[in-house]
Amino acid sequence: MTSTSPSAVVLPEERGPGCLIRLLYFIFIGLWVGGIVTALAWVLNVTIIGLPLGLWLLNRLPVIMTLRPVRRETQVVVVDGRVQLRRRDLPQYPFLVRAAYFLLIGWWFSLIWMMMAWLLTGLSLGLGLPLAFWMFDQVPFVTTLARL
């Protein structure tokens, strides 16, 4: 007989490059690569066949532009007196909610959101980088309510 104790969910700090490395990468590589990927994703989103790949690219934009590590949830469970760690992606909103959001709001609002982030980056002469950095990190949520 297996007895399971209540579990605790822990969101540990994900290992990834430090803030300085991420910022330098964003300034020198992430901005122009992210621009190419964003344009490609929106061209793909216009087609029915390319839509899955376009959404996948937009959901990976924080990794591509800012080297943001993907967060995972770690669950600590005690089973038969032994501690087990279970890792999984963050829970997502139901598919139908995310699809309805994308069709009604996400597809056009994410374009405006990204354009504002690009303008903030270009027009602020670097002063708006922290806000733009955060805005690019939020693109998956703004587009499809994806939690990364």
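Residues numbered from 1 in each chain as written. Predicted model: local features only at pLDDT ≥ 70, side-chain atom pairs only at ≥ 80, totals over all residues. Heavy atoms only, no water.

### Points about the nonpolar core
- Of all hydrophobic cores here, the largest spans 20 residues; its most connected members are Phe26, Leu58, Leu61, Met65, Met114, Phe136 and Val139.
- Residue assignment for this core shows that the elements contributing at least two residues are α1 (19–46), α2 (51–59), α3 (61–66), α4 (95–123), α5 (129–137) and α6 (139–144).
- Tallying contributions element by element places α1 first for this core, with 6 residues.
- What leucine 58 contacts, discounting residues up to four positions off in sequence, is Ala41, Trp42, Asn45, Met114, Val139, Pro140 and Thr143. (Core = buried A, V, L, I, M, F, W, Y, C linked by side-chain atoms within 4.5 Å. Buried < 20%, exposed > 50% of the residue type's maximum accessible area, 1.4 Å probe, protein only. Helix = DSSP H or I, 4+ residues; strand = E, 2+ residues; numbered from the N terminus. Contact = heavy atoms within 4.5 Å.)

### Here's the deal with the environment of glycine 16
- Looking at where glycine 16 falls in the secondary structure, it is placed in the loop between β1 (8–10) and α1.
- For glycine 16, a relative accessible area of 44% gives the class partly exposed.

### Describing the packing of α4 against α5
- α5 packs onto α4 with a crossing angle of 155° between their chain directions and a minimal axis gap of 9 Å. Taken together, α4 and α5 sit at an angle that is classed as roughly antiparallel. Two packed elements cross with a definite hand, and for α4 against α5 that hand is left-handed. Across the interface between the two elements, Trp113, Met114, Met116, Ala117, Trp118, Leu120 and Thr121 from α4 touch Leu129, Leu131, Ala132, Trp134, Met135 and Phe136 from α5.
- Of the residues belonging to the contact of α4 with α5, the class tally is 12 nonpolar, 1 polar and no charged. (Axes fitted to C-alpha atoms, helices over the stretch in contact; angles between N-to-C directions. Parallel < 35°, antiparallel > 145°, perpendicular 65-115°, else oblique. Left-handed = near helix turned anticlockwise from the far one by under 90°. Nonpolar A, V, L, I, M, F, W, Y, C, P; charged D, E, K, R; others polar.)

### Digging into the packing of α1 against α2
- Viewed as axis vectors pointing N to C, α1 and α2 meet at an angle of 150°, and their least axial separation amounts to 7 Å. By the angle between their directions, the pair α1 and α2 is classed as roughly antiparallel. With respect to the hand of their crossing, α1 and α2 are arranged in left-handed fashion. When α1 is examined against α2, the residues Val37, Leu40, Ala41, Trp42, Leu44 and Asn45 are found in contact with a partner set consisting of Leu51, Leu53, Gly54, Leu55, Leu57 and Leu58.
- Per-class residue counts for the contact of α1 with α2 are 10 nonpolar, 2 polar and no charged.

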